[in-house]
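Topology and contacts: notes
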Amino acid sequence: MAFLQNRSISLVDMYIDNSEPSENVGQIHFSLEYDFQNTTLILRLIQGKDLPAKDLSGTSDPYVRVTLLPDKKHRLETKIKRRTLNPRWNETFYFEGFPIQKLQSRVLHLHVFDYDRFSRDDSIGELFLPLCQVDLSEKPSFWKALKPPAKDKCGELLTSLCYHPSNSILTLTLLKARNLKAKDINGKSDPYVKVWLQFGDKRIEKRKTAVFKCTLNPVFNDTFSFNVPWEKIRECSLDVMVMDFDNIGRNELIGRILLAGKNGSGATETKHWQDMITKPRQTIVQWHRLKPE
């Protein structure tokens, strides 16, 4: 994990997600191995279990789509397993010509779909695994919970937090959002982010990003700094609201997150806040699921 520290934000950071799935959409069993002699990553997709039923028969026809991000063009797929919620694929995939250093910046994306002969295949669930988090020499085997597809949700926001106790500066960087909920007739939104620094329930200071037109995946790359003394750091919180700008009517809330200290207006201290305090002067990057209220 030393690789993850003290470096610029990259593709890998975008997919580090330690949050629990918001609903149970099953698990997937797979293993990884690296052939050092032939610079080849070997992925074995073994089985899935407790997948949700997508068909009227009370079953699904699951298969797995495999990509090594950021390359989305070269997709591999398992065979379809008919009428089962506990499929056994037992298939092996080889990614050739990948020196170990190159793999450090790759993210394994496993996406389970339900095959449908007459309409678009349904997304069952997915997972992202940054390969820099994996010791490939150990030939690791995983059972991983799938995360539900992002549709019908508010979307996600990638933020970073950093606190410097020496000068009492709290820094919030709003990096990007993905899969935001569409609020406009054209199926898009005009998102911007509004941030309030709060002590308890009292709002102290407000900041805003620029508006990004017609997108559900804006890249903000905006940084805000606040002056917060060390003795007050656990009493404050950041109320982060992703809004849809509207020329005519009122701007609408797309979703929000509360980044809070132990005694802030959040009931519990968020893990992101906790990590920021325990690792002062380090930039801590994390994805957050937006909540509707």
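Residues numbered from 1 in each chain as written. Predicted model: local features only at pLDDT ≥ 70, side-chain atom pairs only at ≥ 80, totals over all residues. Heavy atoms only, no water.

Structural notes on the environment of Gln286
- Mapped onto the fold, Gln286 is located in strand β16 (residues 284–289).
- By relative accessible area, which is 15% here, Gln286 ends up buried.
- As a C-alpha pair, Gln286 and Leu175 span 111 residues in sequence and 9.9 Å in three-dimensional space.
- Setting aside chain neighbours within four positions, we find Gln286 in contact with Leu157, Leu158, Thr159 and His272. (Helix = DSSP H or I, 4+ residues; strand = E, 2+ residues; numbered from the N terminus. Buried < 20%, exposed > 50% of the residue type's maximum accessible area, 1.4 Å probe, protein only. Contact = heavy atoms within 4.5 Å.)

Section: the side chain of Thr40
- With respect to the helices and strands, Thr40 occurs in strand β2 (residues 40–49).
- Exposure remark for Thr40: the relative accessible area of 6% places this residue in the buried category.
- In terms of polar contacts, Thr40 uses its side chain to reach the backbone carbonyl oxygen of Asn38, at 2.8 Å.
- In contact with Thr40, not counting residues within four places along its chain, are Glu33, Tyr34, Asp35, Tyr94, Phe95, Glu96 and Gly97. (Polar contact = N/O pair within 3.5 Å; in protein donor to acceptor, adjacent residues only side chain to side chain.)

Structural notes on the sheet that holds β16
- Sheet architecture is open: four strands sit in the order β13-β10-β9-β16, paired in antiparallel fashion. Edge positions in the sheet fall to β13 (219–227) and β16, since each of these pairs with one other strand and no more. With strand direction ignored, the average angle separating the axes of adjacent strands in the sheet is 25 degrees.
- Relative to β16, strand β9 (residues 156–164) is paired through six bridges, and the arrangement is antiparallel. When the sheet's bridge partners are listed, Leu157 is paired in β16 with His288.
- Along the sheet face, helix α3 (residues 271–278) touches β9, β10 (169–178) and β16 and points at about 25 degrees away from the line of β9. (Pairing = 2+ DSSP bridges. Axes fitted to C-alpha atoms, helices over the stretch in contact; angles between N-to-C directions.)

Let's talk about the nonpolar core
- The biggest cluster of nonpolar side chains holds 29 residues, and the ones touching the most others in it are Leu157, Leu174, Val195, Leu238, Val240 and Trp273.
- Mapped by element, the contributors of at least two residues to this core are β9, β10, β11 (191–199), β13, β14 (236–244), β15 (252–260) and α3.
- Here Trp273 is in contact with Leu161, Leu170, Ile233, Cys236, Ser237, Leu238, Leu259, Ala260 and Gly261, once residues within four sequence places are set aside.
- Counting 28 residues, the second-largest nonpolar core is a separate cluster that includes Phe30, Leu32, Val66 and Ile124. (Core = buried A, V, L, I, M, F, W, Y, C linked by side-chain atoms within 4.5 Å.)

Focus: the pattern of salt bridges
- In total, this model carries eight salt bridges according to the counting rule given.
- Put simply, Arg65 and Glu77 hold a salt bridge, and the shortest N to O gap is 3.0 Å. Of this pair, Arg65 sits in strand β3 (residues 62–69) while Glu77 is found in strand β4 (residues 71–77), placing the two residues 12 residues apart along the sequence.
- Among the ionic pairs, Glu156 bridges to Arg178, the shortest N-O distance being 2.8 Å. (Salt bridge = Lys/Arg side-chain N within 4 Å of Asp/Glu carboxyl O.)

Things to note about the confidence of the model for the chain
- For the chain, mean pLDDT is 87; residues scoring 70 or higher make up 87% of the total.
- In this model, residues 1–9 is a region of pLDDT below 50 whose contacts with residues beyond four sequence positions or in other chains number 15 contacts. (pLDDT = per-residue confidence, 0-100.)

Points about the side chain of Thr78
- The topology assignment puts Thr78 in the loop between β4 and β5 (88–96).
- We classify Thr78 as buried; its relative accessible area is 6%.
- Only 2.9 Å separates the side chain of Thr78 from the backbone nitrogen of Val64, close enough to count as a polar contact.
- There is a polar contact of 3.5 Å between the side chain of Thr78 and the side chain of Trp89.
- Those residues in contact with Thr78 that lie beyond four places of it in its chain are Leu45, Tyr63, Val64, Trp89, Glu91 and Phe93.

Here's the deal with the sheet that holds strand β8 (residues 141–145)
- Read across the open sheet, the four strands follow the order β5-β2-β1-β8; overall the sheet is antiparallel. Each edge of the open sheet is held by one strand with a lone partner, namely β5 and β8. Direction aside, neighbouring strands of the sheet carry axes that sit 25 degrees apart on average.
- Bridge count between strand β1 (residues 27–35) and β8: five bridges; the pairing is antiparallel. If you follow Ser31 over to β8, its bridge partner there is Ser141.

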